[in-house]
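# Results of the structural survey
The lines below spell out each chain.
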Amino acid sequence: MEKIIAFVQNLSLDITAGAIISSLFVAKVFGVVLTFEIVLGLGIAIWLIYSADHLWDGYRVKGQAVNPRHAFHQKYFKVLSVISLLVFGIGVYNMFQLPVETIKAGLGLVVLTALYFLYLKLSKTSSQKELFAAFVYVAGIFIGPISLLASWDWMFLVVFVQFFLLAYVNLMLFPLFEMEADNRQGMASIALNRGAKSTKRRIGIASVINELIIVVCIGFGFNDNKAQFMILAMSLTLLLLIQAPTFLKRYNLYRIIGDGIFFLPGLALL
């Protein structure tokens, strides 16, 4: 079982599934239905973005990678590169099955992704990598639903911000657990650039902002309370990870739980 979990994590299949579930959740909250082609397109886009990111990390690591995910992509670089090209081809074919509005929104994601990788290439420290990556990830989640809405109000933007804060906290938490490994192989991260104390402070601020938004939304009835309670459960789960770092390092539990929060909205789809 441990090997299966590691394989799924190394291939970012859990992250991809979480993005699809979250997108279906957002669509349900705002009363639209995602087609199979939109869901497939999202899955392909998210998987390709993360795979390309990890392949880039594996390629630029000097010597043998310490991080298991980087080591996996370093070892199977050629095979994964070929698979990525094949998946990209499927994505291009699927694109022609999508609604015009979804294609337009998808092109926006392509531009964002290109800017993200350009930033990684040009920046020496990648000090804002987590911020940029969180925005791209959440943009992918929201592209399908927003492309199907006849009109949308400020509440859609509020929920986008909430998911962005969740993704940002998620991406700041992992470097805290991986500081030693990242330092040993010379990889930049927010925890190494800013320090553990500063990173934890940022996590706390982002979480408090999210929870204040939840209180306002529930208190004034701005959004479906069930949706806000779901976002609250996701936020609190991330905060709990900081409380037991040593225990959660075993079997990469921090990643299983951290990425698993994007599966929680699936309960609302049952």
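Summarised in this report is the structure supplied together with it.

Reading the values: the criteria
Residues numbered from 1 in each chain as written. Predicted model: local features only at pLDDT ≥ 70, side-chain atom pairs only at ≥ 80, totals over all residues. Heavy atoms only, no water. Helix = DSSP H or I, 4+ residues; strand = E, 2+ residues; numbered from the N terminus. Rg over C-alpha atoms; globule rule 2.2 N^0.38 Å. Buried < 20%, exposed > 50% of the residue type's maximum accessible area, 1.4 Å probe, protein only. Contact = heavy atoms within 4.5 Å. Areas by Shrake-Rupley, 256 points an atom, 1.4 Å probe, with all protein chains shown as cover. Phe/Tyr/Trp six-rings, centres within 6.5 Å; stacked < 30°, edge-to-face > 60°. Polar contact = N/O pair within 3.5 Å; in protein donor to acceptor, adjacent residues only side chain to side chain. Salt bridge = Lys/Arg side-chain N within 4 Å of Asp/Glu carboxyl O.

Let us now look at the overall build of the chain. What the chain contains, in helices and strands, is 14 helices and zero strands. From first element to last, N terminus to C terminus, the chain shows the α and β order α-α-α-α-α-α-α-α-α-α-α-α-α-α. For 270 residues, the compact-globule formula gives about 18 Å, and the C-alpha radius of gyration of the chain, at 18 Å, lands near that figure. The C-alpha extent of the chain, read off along each of the three principal axes, is 50 × 45 × 40 Å. Residue burial in the chain is summarised as follows: out of 270 residues, 47% are buried. The contacts in the chain between residues at least 6 apart in sequence include a share of 73% that link residues at least 24 apart. Here the chain has roughly 13700 Å² of accessible surface; of this, 70% comes from carbon and sulfur atoms.

Turning to the packing of aromatic side chains, a few remarks are in order. All chains considered together, the criterion is met by 17 aromatic pairs. Pairing F142 with F160 gives two aromatic rings, centres 5.1 Å apart and planes at 70°, and the pair type is edge-to-face. Taken together, the positions of F142 in helix 7 (residues 129-148) and F160 in helix 8 (residues 154-177) put the pair 18 residues apart, joining distant regions of the chain. With respect to burial, F142 and F160 carry one shared label: buried. With a centroid separation of 5.9 Å and an interplanar angle of 10°, the aromatic rings of F164 and Y168 are classed as stacked. Of this pair, F164 and Y168 both sit in helix 8, four residues apart, which is roughly one turn of the helix. In this structure F164 comes out as buried when scored by relative accessible area, which is 17%. Residue classification places Y168 among the buried residues on the basis of a relative accessible area of 10%.

This part covers unusual backbone geometry. Phi at S12 is positive, roughly 60°, even though this residue is not glycine. Within the fold, S12 resides in the loop between helix 1 (2-10) and helix 2 (13-29).

This part covers the side chain of H54. The topology assignment puts H54 in helix 3 (residues 36-60). On the basis of relative accessibility, which here comes to 9%, the residue H54 falls in the buried class. A distance of 3.3 Å separates polar atoms of two side chains, one belonging to H54 and the other to S12. Once you skip the residues sitting within four places of it in the chain, H54 turns out to touch S12, R69 and H73.

Moving on: the environment of Q185. Position of Q185 among the secondary structure elements: in the loop between helix 9 (179-184) and helix 10 (190-194). Residue classification places Q185 among the buried positions, given a relative accessible area of 9%. Through-space distance from the C-alpha of Q185 to that of R201 is 25 Å; in sequence the pair is 16 residues apart. Aside from chain neighbours lying at most four places away, what touches Q185 is V61, A65, V66, N67 and H70.

This part covers the pattern of salt bridges. The full count for this structure, using the stated rule, is two salt bridges. The residue E101 makes a salt bridge to K104 at a minimum N-O spacing of 3.8 Å. Note that E101 and K104 are positioned in helix 6 (residues 100-122) at a spacing of three residues, about one turn of the helix. Classification of K104 as exposed rests on a relative accessible area of 52%.

So, on to the side chain of Q162. The residue Q162 is located in helix 8 in this model. Judged by its relative accessible area of 0%, Q162 is buried. For Q162, the residues in contact, after removing those within four places along its chain, are N210, I213, I214, Q228 and I231.

Geometry only, nothing functional implied.
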